[in-house]
Amino acid sequence: MKQDHISYLLALHREQDWAAAAIACQISQAQLKKAVAEAEREYGCSLVKTGTVFRGFTTEGEKVVVWAQGLSEAISTLKHVFAVSNSRKAIAPLLDRRSVSPKRLEAPGADSQEIDLMIEAALSAPDHGGLHPWRVLVFPADSRARLADLFEQEKLRRDPLASTEDLRRAREHATRSPTLLAFIMSPKLRMRVPEREQWLAAGSALGNLLNAAHQLGLPSCSAESAASTFYFVLNWG
Ligand SMILES: Cc1cc2nc3c(=O)[nH]c(=O)nc-3n(C[C@H](O)[C@H](O)[C@H](O)COP(=O)(O)O)c2cc1C
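Residues numbered from 1 in each chain as written. Predicted model: local features only at pLDDT ≥ 70, side-chain atom pairs only at ≥ 80, totals over all residues.

So, on to the environment of L167. Within the element layout of this structure, L167 appears in helix α8 (residues 164-175). C-alpha separation for the pair L167 and K155, spaced twelve residues apart in sequence, amounts to 6.8 Å. (Helix = DSSP H or I, 4+ residues; strand = E, 2+ residues; numbered from the N terminus.)

The subject of this paragraph is the domain arrangement of the protein. Partitioning the protein into structural domains gives domain 1 (3-90) and domain 2 (102-236). A separation of 60 Å is found between the C-alpha centroids of domain 1 and domain 2. (Domains from an automatic or database assignment.)

Quick look at unusual backbone geometry now. Residue P108 follows A107 across a cis peptide bond; omega there is 15°. Summarising the element assignment, P108 is placed in the loop between α5 (92-95) and α6 (112-123). Residue H132 is not a glycine yet carries a positive backbone phi of 45°. When you line up the elements, H132 lands in the loop between α6 and β1 (134-138). C-beta crowding within 10 Å serves as the criterion here: with 16 such atoms nearby, H132 is assigned to the partly exposed category. (Buried ≥ 20, exposed ≤ 12 C-beta atoms within 10 Å, placed from the backbone.)

Our next topic: the site of the ligand. Neighbouring the ligand are seven residues; R98, S99, S222, A223 and E224 lie closest to it. Broken down by element, the shell around the ligand gets its largest block of residues, four residues, from strand β3 (residues 220-224). For the shell around the ligand, the residue count by class is three nonpolar, two polar and two charged. (Near = placed C-beta within 6 Å. Nonpolar A, V, L, I, M, F, W, Y, C, P; charged D, E, K, R; others polar.)

Turning next to helix α3 (residues 29-43). End to end, α3 covers 21 Å across 15 residues, agreeing with the expected 21 Å (1.5 Å per residue, within 8%). Backbone geometry just downstream of α3 places G44 in the positive-phi region, at approximately 70°. (Expected span 1.5 Å × (residues − 1).)

The next thing to look at is the confidence of the model for the protein. Confidence in the prediction for the protein averages 91 pLDDT; 95% of positions are at 70 or higher. Confidence, read as mean pLDDT per element, is least for strand β4 (residues 231-236) in the protein (50) and greatest for helix α2 (residues 18-25) (97). (pLDDT = per-residue confidence, 0-100.)

Below you can see the structure in the form of structure tokens.
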């Protein structure tokens, strides 16, 4: 039996009336009767008691209805399973993003076009008032040694007793990954949008940026830099 004929039969069983069932199925009564007659030919027996008004299903018809109900439920379950699976597929890049340790970030890293795309993704994050209360700095390779010096100095300022190993690690934040960006929180003061919302907007932007990196096939991670609590350094490669 065709799938739509199953739903016609179930509508007739539910409504117990030709006209109401035809309306429920959005077809004419003639089409409904033709579909039932087709099913009766297929099964080789009457499914509906004869007469011009609907007088109920025959014993065989009731059996077919029970079978049709089971099949209809199975089809609905299957559709639901496929819908859930399609929804998961649609957001798969968001579900499977994971940070990759800076130790495992390898060259060549992101090119300028990819960085622009990531920033564009960050710009489309939810942002009350469109303030974009953040900035992104790109550190090209020839700026890393100078940045490493600054990280080392800041480490020493914060911890005058820092060991050589501590200082080496602070410098490494600037040099280890093939691509290095600073994501800088830059709240706009005295605005009608409270600062806490601006922090949330910046967090959303950072999330978009990292998700965009992931979708471009670029492993990445974020870490607070040694320079300032307002700097989050992002690396990818
Ligand atoms: C803004 C920001 C700063 C972070 N800073 C550090 C950090 O300094 N050190 C660190 O080990 N993890 C830091 N993390 C956490 C890691 O980057 C990572 O998100 C975390 O280990 C969870 O892994 P996942 O991203 O795969 O879920 C930071 C995360 C964010 C969003």
